[in-house]
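Below are the chains, spelled out letter by letter.
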Amino acid sequence: LYTIFLSFAGMIITKETWIISVLAVILAFCTLFLWQKVIPSKPNTPWHHRRWRIPDFLLALLIVIFALVAFFSGFFRDFSGIAKFFEAFSAWSHTGFGETSGHEKHAQQIGFFNYYWLSLMVRYEWPALLGLLACIPLIFRGSTLRRFLALYAIAILCAYSIIPYKTPWLIITLLWPFFLLLGGAIFDLLR
């Protein structure tokens, strides 16, 4: 519970793109939930009962709120920074629409899909590309956790491929699940 809450706070503090990551997690979870009814995971991991209580949840929430207020207020020296946090979403929602930022990659556009990230994987990040290829069999016959990670990785790649704004630092957010999936595939091959 605390790891999830503090990870969420870390995402929010880092950059506005946490919204894309959270939406990708929700999409992957919902897809996995429905996919489990069609093709169950083998072995199918049962849902665990929660071990935390409501006071634990409230304490974790309070810690996250405190951390966010501390960071965005300059550690309680400028509370106008909290308002600026929300103002950033207005500017962010318009980023990449139009020719204003210089980070659009229209040359690699097919309809609404932009294959910029795939081209970077092919050119520079072969392990991530192999991890992407490992996603395909995992969706059909992986463990519950690996299926979730594969669905998340595909969702985050699709999301960043649809958004026209491209900057190199986004690759950090994009590639890590593919590296983990490749590691899992290598582990399975060696086993």
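The structure we're discussing is the one just above.
Residues numbered from 1 in each chain as written. Predicted model: local features only at pLDDT ≥ 70, side-chain atom pairs only at ≥ 80, totals over all residues. Heavy atoms only, no water.

Mind showing me how you'd approach the overall build of the protein chain here?
Counting its regular elements, the protein chain contains eight helices and two strands. In the protein chain, the succession of α and β elements from N to C terminus is α-α-α-α-β-β-α-α-α-α. Taken across its 191 residues, the protein chain has 32% of its residues classed as buried. A sequence separation of at least 24 residues applies to 71% of the contacts in the protein chain between residues at least 6 apart. Counting only carbon and sulfur atoms, one obtains 74% of the accessible surface of the protein chain, whose full area is about 12400 Å². (Helix = DSSP H or I, 4+ residues; strand = E, 2+ residues; numbered from the N terminus. Buried < 20%, exposed > 50% of the residue type's maximum accessible area, 1.4 Å probe, protein only. Contact = heavy atoms within 4.5 Å. Areas by Shrake-Rupley, 256 points an atom, 1.4 Å probe, with all protein chains shown as cover.)

What is the right way to look at the packing of helix α5 (residues 116-123) against helix α8 (residues 170-190) in this model?
To characterise two packed helices, one gives the angle between the axes of the helices and the distance between these axes. Closest axis-to-axis distance for the α5/α8 pair is 12 Å, and the angle between their directions is 65 degrees. For the element pair α5 and α8, the recorded crossing hand is right-handed. Contact residues: Trp117, Leu120 and Met121 in α5; Leu170, Ile171, Leu174, Leu175 and Phe178 in α8. Classifying every residue of the contact of α5 with α8 by side-chain character gives eight nonpolar, no polar and no charged. (Axes fitted to C-alpha atoms, helices over the stretch in contact; angles between N-to-C directions. Left-handed = near helix turned anticlockwise from the far one by under 90°. Nonpolar A, V, L, I, M, F, W, Y, C, P; charged D, E, K, R; others polar.)

Any chance you could explain the pattern of salt bridges here in plain terms?
If charged atoms from side chains of opposite charge come close, those side chains can pair. What the rule picks out here adds up to two salt bridges. One salt bridge connects Arg146 with Asp188, and the closest N-O pair in it is separated by 2.4 Å. With Arg146 in helix α7 (residues 144-162) and Asp188 in helix α8, this pair connects stretches of sequence that are 42 residues apart. Given the relative accessible area of 31%, Asp188 is considered partly exposed. Note that Asp188 is salt-bridged to Arg191, the shortest N-O span being 3.2 Å. (Salt bridge = Lys/Arg side-chain N within 4 Å of Asp/Glu carboxyl O.)

Any chance you could explain a nonpolar patch on the surface here in plain terms?
A contiguous nonpolar patch, built from Tyr2, Leu6, Leu59, Leu62 and Ile63 and spanning about 440 Å² of accessible area, is present on the exposed surface. When residues of the nonpolar patch are traced back to their parent elements, those giving at least two are α1 (2-14) and α3 (54-72). Per element, the largest residue contribution to the nonpolar patch is three residues, and it comes from α3. Structurally, Ile63 can be placed in helix α3. (Patch = residues over 30% accessible without salt bridge, like charges linked within 9 Å, V, L, I, M, F, W, Y side chains within 5 Å.)

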